[in-house]
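Examination of the molecular architecture
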Amino acid sequence: MQIVKGQLFAEVCHHRALLVYLPPSYNKSTSRFPVMYVHDGGDLFDPAFSTAIDVIEDKFAEGKIPELILVGIQPGNRRDDYTPWFSKAISPERNIDFGGQGDAYLSYVANECKTYIDSKYRTDPRPEKTGIIGFSLGGLISMYAAHQYPDVFTKIGSISGSYWYEGMVSFMREKKMYRPGLRIYMDVGSKEGAKKQNIQKQMVPLTKEAHQILADSGFAADQLVLLIDEGADHLSECANARFPGALQWLWNEKEETEMELAKLIRERRSIHRFTDREVDPALVTELMDTAVWAPNYHMTQPWRFIVTYGEGKRRIAEAVRIMKEKREIDPAKKKEVGEKFYNKIMAIPMLMTVIMEESPNLITRQDDFASTSIVIHNFSLLAWEKGIGLTWETYPWIHEPEFREAMGIRPGEKVLGNLHIGYPAAVPGAQPRIPAAERITLVDKA
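The numbers attached to residues start from 1 for each chain and follow its sequence in the written order. Local features in this predicted model are restricted to residues whose pLDDT is 70 or higher, and side-chain atom pairs enter the listing and the counts only when it is 80 or higher, whereas totals over whole chains, interfaces and linings include all residues. Heavy atoms from the whole structure form the basis of all side-chain values; hydrogens and water molecules are not counted.

As recorded in an unreviewed UniProt entry, the protein goes by Alpha/beta hydrolase and comes from Brevibacillus porteri. UniProt positions are given in the numbering used here, feature names are shortened, and annotations may be inferred rather than shown by experiment. UniProt annotates the protein under Cofactor (unreviewed entry) with the comment "FMN". According to the UniProt record, the Sequence similarities (unreviewed entry) comment for the protein is "Belongs to the nitroreductase family."

What follows is the structure, encoded as structure tokens:
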């Protein structure tokens, strides 16, 4: 029998059986531990079905994986729990439809199971210390979790994920998402689907297509990987053998300890296309509470911000429509032009108008402008860390009387710009920078 250095416990949470693994040092320290939620009752690590724990505990000892808590969650009916929407059966020999109860299942994991585990065990509950992983349909629902719960799970493991499932690749293409904090592991055996006559025969090419969609969305090589296991078929023993390596890649300590600020600065991009996902105003306020810690001479703190979202965007959109129609020379085009810009504003998930009080003192005014610009940059980095993108727009109409009146801009205030804020639909590539050494003059002599 396999000897486990850690501890295994059988639990029940809201009528679902759990298998909880605590690592060797759990009872020898007061530390909090990352958690990996594992589908199919934890078969990937359960010693009754797998020898993966031996390998994982060796990797703990070697420092290749930080010690983790593993939580295996037993499905009710995996064809229902692990599918994001209903789909008809794909083979006559197993004429059983897929129930599409994935949203309900993930809600259970994120809200009930995680709450239970966090309350009973010494976990680190932060998103960056929480992951989800599974095999086959379990890999499929893990990827769906990346799209639906990126603020809960940031380590995503999809072992032989069932990307043949009807509509999944289309869903990923339409709902392109990018989150800087996410790490996504994907793998597939090179022989998977080779003996199938249905859509499952496309197992390998569809997995590659799903991976490419994520890569095109902005995920870099240190955030996303696809392993092709040569000669491997769609078998649990193959998945079990790859499970420790998946954990090692997802929880790579070198990546975890890399200076996050440097990464944020280099990876942040101006975003011009957004998904329709709403941005939480409370989160924006929370991020701005940190962003305003900017250097400011005499601490005048001259900034204020107007955040418009939902129906509130009509205030800006209507003002822009009026301005554009007034300035359009061709009478036949006035309505068309006004409508175009109205719709453009309404399509932005959230806008933040950044306003600065203009001091009559030139030196103070210059410092205030620089400080408020730093606040904007601070906010952009903090938002990027949460997967939120923005672009800073300084179009001429923000200074027009119609806009100032609509937004309640007071005399003596300057509008620095409108921030377009939302979750990125696409992330542009990096533009090359001139090396700093070419723009630095070093003076070490009188």
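Looking only at helices and strands, one finds 14 helices and twelve strands in the protein. Seen through its principal axes, the protein has C-alpha atoms that stretch 80 × 65 × 45 Å. Think of it in three bands: residues with accessible area under 20% of the maximum for their type are buried, residues over 50% are exposed, and the middle band is partly exposed, with areas taken using a 1.4 Å probe on protein chains only. Looking at the protein as a whole, 49% of its 446 residues qualify as buried. Residue pairs at least 24 apart in sequence account for 78% of intrachain contacts in the protein once pairs closer than 6 positions are excluded. Note on areas: Shrake-Rupley with a 1.4 Å probe; residue coverage comes only from the protein chains shown. As presented, the protein carries roughly 22200 Å² of accessible surface, and 53% of it is formed by carbon and sulfur atoms. Secondary structure is summarised from DSSP: a helix means a run of H or I of at least four residues, a strand means a run of E of at least two, and numbering begins at the N terminus for each. Contacts between residues were defined by any pair of non-hydrogen atoms, one from each residue, lying within 4.5 Å.

Here the focus is the side chain of Lys114. Summarising the element assignment, Lys114 is placed in helix H3 (residues 102-120). Classification of Lys114 as buried rests on a relative accessible area of 9%. Within the structure, the side chain of Lys114 is placed 3.0 Å from the backbone oxygen of Pro125, a separation counted as a polar contact. Sequence-distant contacts of Lys114, that is, excluding residues within four places in its chain, are made with Tyr37, Val109, Pro125, Thr130 and Val152. A 3.5 Å cut-off defines polar contacts: any pair of N or O atoms within that distance qualifies, except that in protein one atom must be a possible hydrogen donor and the other a possible acceptor, and neighbouring residues in sequence count only when both atoms are side-chain atoms.

What we call a nonpolar core is a set of buried Ala, Val, Leu, Ile, Met, Phe, Trp, Tyr and Cys residues that are connected through their side-chain atoms within 4.5 Å. Core analysis: the biggest nonpolar cluster contains 78 residues, and Tyr37 and Phe153 have the highest contact counts within it. Membership of the second largest hydrophobic core comes to 24 residues, among which are Met36, Val38, Leu44 and Ile159.

This paragraph deals with the side chain of Ser136. As for its position among the elements, Ser136 is in the loop between strand E5 (130-135) and helix H4 (137-148). In this view, Ser136 contacts Arg78, Ile159, Ser160, Gly161, Ser162 and His234; residues no more than four positions away in its chain are not counted.

Quick look at unusual backbone geometry now. At His298, a position not held by glycine, the phi torsion is positive, near 60°. As for its position among the elements, His298 is in the loop between helix H10 (281-291) and strand E9 (303-309).

Axis definition: a line fitted to C-alpha atoms, over the contacting stretch in the case of helices. Angles run 0 to 180 degrees between N-to-C directions. Interaxial distance between helix H1 (residues 52-62) and helix H7 (residues 236-250) falls to 9 Å at its minimum, and their mutual angle equals 25°. Taken together, H1 and H7 sit at an angle that is classed as roughly parallel. Our pair here, H1 against H7, has a crossing hand that is right-handed. Packed against H1, whose contacting residues are Ala52, Val55, Ile56 and Lys59, the element H7 presents Asn240, Phe243, Pro244, Leu247 and Gln248 at the interface. Polar here means any residue outside two lists: the nonpolar Ala, Val, Leu, Ile, Met, Phe, Trp, Tyr, Cys and Pro, and the charged Asp, Glu, Lys and Arg; Gly therefore counts as polar. Among the residues forming the contact of H1 with H7, the class breakdown is six nonpolar, two polar and one charged. In what follows, roughly perpendicular refers to angles from 65 to 115 degrees, roughly parallel to angles under 35, roughly antiparallel to angles over 145, and oblique to any angle outside these ranges. Note on convention: near helix rotated counterclockwise from far helix by under a right angle means a left-handed crossing. Clockwise means right-handed.

Next up on the list: the UniProt feature "domain: Nitroreductase" (unreviewed entry) in the protein. What UniProt calls "domain: Nitroreductase" (unreviewed entry) maps, in this numbering, to residues 265-423. Secondary structure content for residues 265-423 is 46% helix and 19% strand, while the C-alpha to C-alpha distance between its ends is 18 Å.

Turning to the pattern of salt bridges, a few remarks are in order. We define a salt bridge as a side-chain nitrogen of Lys or Arg found within 4 Å of a carboxyl oxygen belonging to Asp or Glu. One pass over the full model with this rule turns up 22 salt bridges. Close ionic contact of Asp124 with Arg126 constitutes a salt bridge, the shortest N to O distance being 2.8 Å. For Arg126, a relative accessible area of 41% puts it in the partly exposed group. Arg321 is the partner of Glu339 in a salt bridge, and the nearest nitrogen-oxygen pair spans 2.6 Å.

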